[in-house]
Amino acid sequence: MPTPYLGTDDAFEQLRESLPSCAALGIGKIGVQTPRLDLLDRLQSLGFRVPVVLAPGAICHEGVQTGDGTVVLDGAVVVIGSRLGRACIVNTNATVDHDCVLGDDVHIAPGATLSGGVEVGDHCMIGTGANLIQMVRICADCMIGAGATVVSDISMPGIYVGTPARRIA
Ligand SMILES: CC(=O)SCCNC(=O)CCNC(=O)[C@H](O)C(C)(C)COP(=O)(O)OP(=O)(O)OC[C@H]1O[C@@H](n2cnc3c(N)ncnc32)[C@H](O)[C@@H]1OP(=O)(O)O
């Protein structure tokens, strides 16, 4: 069945009156600053519920805490003791191992691996196939490039690539 086009963001107020009060965040995130969190705030301030979306092929252990608007996609695994913030994406085949903590608006791109006890700050993007060893902490507003390996804490916002990851901007 084709999905009807409902309009632009300007239609939110009207839609809130005419539709059930549930919405999903469908936009992606390929940078650090993206509109996902602002959009979530706006939808919630209008009274929409923005639930967590777990794809049928995602594995999210019991007790994992997940913020509103977060999506966990097929093949992704989120292990016991982890906490995910609001408006996060755990993309296809990514792994968030035990006791990790993600801030808000964090994207773990396809195939990336967070080992146990990793902390990732707000707005970070962990690129495709990146690996973070156990217990590392990454501050807010970092882009970790595709395939990078993070082996120590990162405390300065920026773009990091390579093995071991180094700051390039
Ligand atoms: C479902 C989905 O599609 S989700 C989307 C998933 N997407 C991703 O994971 C993309 C992640 N993004 C990247 O890896 C990007 O290459 C970035 C953000 C790290 C860098 O992008 P930019 O800032 O545009 O940097 P730019 O492309 O100009 O490269 C700068 C230098 O870093 C190098 N570089 C860029 N990315 C990487 C990388 N991932 N690993 C190693 N080196 C890299 C470039 O070769 C270049 O080197 P040079 O100066 O010696 O020529």
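Above this text sits the structure in question.
Definitions and limits used
Residues numbered from 1 in each chain as written. Predicted model: local features only at pLDDT ≥ 70, side-chain atom pairs only at ≥ 80, totals over all residues. Heavy atoms only, no water. Near = heavy atom within 4 Å. Polar contact = N/O pair within 3.5 Å; in protein donor to acceptor, adjacent residues only side chain to side chain. Areas by Shrake-Rupley, 256 points an atom, 1.4 Å probe, with all protein chains shown as cover. Nonpolar A, V, L, I, M, F, W, Y, C, P; charged D, E, K, R; others polar. Pairing = 2+ DSSP bridges. Helix = DSSP H or I, 4+ residues; strand = E, 2+ residues; numbered from the N terminus. Buried < 20%, exposed > 50% of the residue type's maximum accessible area, 1.4 Å probe, protein only.

The environment of the ligand is made up of 13 residues, and the closest members are G127, T128, G145, A146 and V161. Contact between the ligand and T128: an oxygen atom at 2.7 Å from a main-chain N or O atom of the residue. Between the ligand and A146 there is a distance of 2.9 Å, counted from a nitrogen atom to a backbone nitrogen or oxygen. Expressed as a share of its isolated accessible area of 970 Å², the protein-covered part of the ligand is 39%. Residue classes in the shell around the ligand are distributed as 8 nonpolar, 5 polar and no charged.

Read from one edge of the open sheet, 8 strands run β1-β4-β7-β10-β13-β16-β18-β19, paired in mixed fashion. The open sheet has two edge strands with one neighbour each: β1 (53-54) and β19 (166-167). The pairing of β1 with strand β4 (residues 71-72) spans 2 bridges and is parallel. In the strand pairing of β4, V53 is matched with V71.

Moving on: unusual backbone geometry. Here the residue pair T163 and P164 is connected by a cis peptide bond, since its omega of -5° sits within 30 degrees of zero. Along the polypeptide, P164 turns up in the loop between β18 (158-161) and β19. At N93, a residue that is not glycine, the phi angle is positive and equals roughly 60°. In this fold, N93 is placed in the loop between β7 (89-90) and β8 (95-96). Even without being a glycine, D99 presents a positive backbone phi close to 65°. With respect to the element layout, D99 can be found in the loop between β8 and β9 (101-102). When its relative accessible area of 42% is taken as the criterion, D99 is described as partly exposed.

All quantities given are derived from atomic positions and should not be read as evidence of function.
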